Amino acid sequence: MSDYRAVFDAQITFINGGSLSAEGFRLDLPSKDTDEAEIARLLVQHLSLALVGEVRLQGLRVVAEQHRGSRGIANASAVTPGGIHRLVDLSHTIRAGLVTLPGVPAPVITPHLTRADAESRYARGTTFVMDIVTLPGNTGTYIDSPFHRFEGGADLASLSLETLVDLPTEVFHVTDAGQRGIPASVFYDRDVRGKAVLLHTGWDRHFGTPQYGVDAPFLTEDGVRYLADQGVTLVGIDSVNIDDMSSDARGERPAHTVFLGSGIHVVEHLTHLEALAPSGALFTVVPPKVEGFGTFPVRAFAKVPQA
């Protein structure tokens, strides 16, 4: 079932004087049949405006487009205890030769025990394989622990499952952003305390290609500090890095420094975030329990209501 949004220009006047105007405003709708009067009411509610005198909409059209989390739209996308849900896989597939980050070695998979070897050692017809995987921790979809950034920080074995499993989630769909950096203001309209914040940029479409590492979206430093101050549990992105990797950044990594220094998990190289509603999913991302290791691939997934 498709989501629908209204696109319009608006002129809002207030009974105590003053006005507010908007051009090309986009607003989530409960259905494609929502009438103009209801759209005007939803606009006022979304903007949390008081003492509104009149709302005039111009050039109104309704388009099939993914919801972005407008206030006032009933959230039918929350997983409830005992409710029927489905799982959405948010991880890239790891395979031999996969390049995740430019300059980082690809995984190598070699046999330790082949099926032919097994049959020669065990009963006839008893075959199995045992393989060896050599890979950097930064392969595929992975999580960063504080040890990744700070000597003496918590390693993978120290991470609490309560901060990794069934996290209430806010997804910010910014695929149509006109800039690479995602600023703090994007998050102002939602309560993110104690939640997983997932940034859907759409950059995962380039994963495994040279374009993936060029001019990729990232979280700005003011966005980093805002989310840390709000007390988020985890921040994930479907881009090559949560920090700016371009030469403009001069090698600085504010997201990794602030988040990991505050015990906030970082997950990079997510995919399929378009399948999640802005709110209501439960996010899980669990790495192996490895001592003295800072980052490792994960099977990241979300619970969403069964359609």
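Residues numbered from 1 in each chain as written. Predicted model: local features only at pLDDT ≥ 70, side-chain atom pairs only at ≥ 80, totals over all residues. Heavy atoms only, no water.

A. Representation of the nonpolar core in the model. Residues F187, L199, L219, L227, V235 and F259 are the most contacted members of the largest nonpolar core, which totals 23 residues. Of all the elements in the fold, those that place two or more residues in this core are β10 (196-200), α4 (221-230), β12 (234-237) and α5 (254-261). Residue contacts for V235: discarding those within four places in its chain leaves V197, L199, L219, L227, I242, F259, I264, H265, V266 and V267. Residues V88, I143, F283 and V304 belong to the second largest nonpolar core, which totals 22 residues. (Core = buried A, V, L, I, M, F, W, Y, C linked by side-chain atoms within 4.5 Å. Buried < 20%, exposed > 50% of the residue type's maximum accessible area, 1.4 Å probe, protein only. Helix = DSSP H or I, 4+ residues; strand = E, 2+ residues; numbered from the N terminus. Contact = heavy atoms within 4.5 Å.)

B. Representation of the environment of E268 within the structure. Residue placement: E268 occurs in strand β13 (residues 265-268). Exposure remark for E268: the relative accessible area of 1% places this residue in the buried category. A sequence separation of 214 residues divides E268 from E54, and the C-alpha atoms of the two residues are 45 Å apart. Filtering out sequence-adjacent residues up to four positions away, E268 remains in contact with G140, T141, Y142, D144, I237, N241, I242 and H256.

C. Inspection of the layout of surface pockets at higher detail. In this structure, the second largest pocket occupies an estimated 510 Å³ of space. Around the second largest pocket, the lining comprises 15 residues; the ones closest to its centre are R5, R26, R68, H173 and D189. Breaking the lining of the second largest pocket down by element, the ones donating at least two residues are β2 (19-29) and β8 (167-173). For the lining of the second largest pocket, the class distribution of residues is five nonpolar, four polar and six charged. (1 Å grid on protein atoms, 1.4 Å probe; cavity = no way out; pocket = protein on both sides within 12 Å on 5 of 7 lines; lining within 4 Å. Points joined across faces, edges and corners; volume = space filled by probe spheres on them. Nonpolar A, V, L, I, M, F, W, Y, C, P; charged D, E, K, R; others polar.)

D. Just α4, in detail. Within α4, the full set of buried residues consists of G223, V224, Y226, L227 and A228. Its buried side turned inward, α4 meets β9 (181-182), β10, β11 (218-219), β12 and α5. Remark: G231 follows α4 within two positions and exhibits a positive phi of approximately 80 degrees.

E. The arrangement of the sheet that holds β2 in detail. Strand order in this open sheet of three strands is β2-β1-β3, and the pairing throughout is antiparallel. Of all the strands in the sheet, just β2 and β3 (52-64) have a single pairing partner and so form its edges. For this sheet the average axis-to-axis angle between neighbouring strands, irrespective of direction, equals 20 degrees. The sheet contact formed by strand β1 (residues 4-14) and β3 spans 10 bridges and is antiparallel. Across the sheet, the residue bridging to A6 is V62, located in β3. Sitting on the sheet, helix α1 (residues 36-47) is in contact with β1, β2 and β3, with an inclination near 105 degrees to β2. (Pairing = 2+ DSSP bridges. Axes fitted to C-alpha atoms, helices over the stretch in contact; angles between N-to-C directions.)

F. Region of interest: the pattern of salt bridges. For the structure on display, the rule yields 11 salt bridges. As a salt-bridge pair, R225 and E221 come within 3.1 Å of each other at their nearest N and O atoms. Residue R225 and its partner E221 are both found in helix α4; the two are separated by four residues, about one turn of the helix. A network of salt bridges, in which partner residues are shared, links R5, R26, D28 and E65. (Salt bridge = Lys/Arg side-chain N within 4 Å of Asp/Glu carboxyl O.)

G. Seen up close, α1. A rise of 1.5 Å per residue sets the reference length of α1, with its 12 residues, at 16 Å; its end C-alpha atoms lie 17 Å apart and thus fit the reference within 8%. Buried residues of α1: I39, A40, L42, L43, V44 and H46, and no others. The inward-facing, buried residues of α1 contact β1, β2 and β3. The positive-phi residue at the C-terminal boundary of α1 is S48, with phi of around 55 degrees. (Expected span 1.5 Å × (residues − 1).)

H. The arrangement of unusual backbone geometry in detail. At S48, a residue that is not glycine, the phi angle is positive and equals roughly 55 degrees. Position of S48 among the secondary structure elements: in the loop between α1 and β3. Its identity is not glycine, yet D166 carries a phi of approximately 55 degrees, on the positive side. One can find D166 in the loop between α3 (146-149) and β8.

I. Structural view of the side chain of H256. Inspection of the secondary structure puts H256 in helix α5. Looking at H256, its side chain comes within polar contact range of the side chain of D243, at 2.7 Å. In this structure, H256 is in contact with D144, H148, R149, F150, N241, I242, D243, G261, V266 and E268, ignoring residues within four places of it in sequence. (Polar contact = N/O pair within 3.5 Å; in protein donor to acceptor, adjacent residues only side chain to side chain.)

On their own, these measurements won't tell you what the molecule is for.
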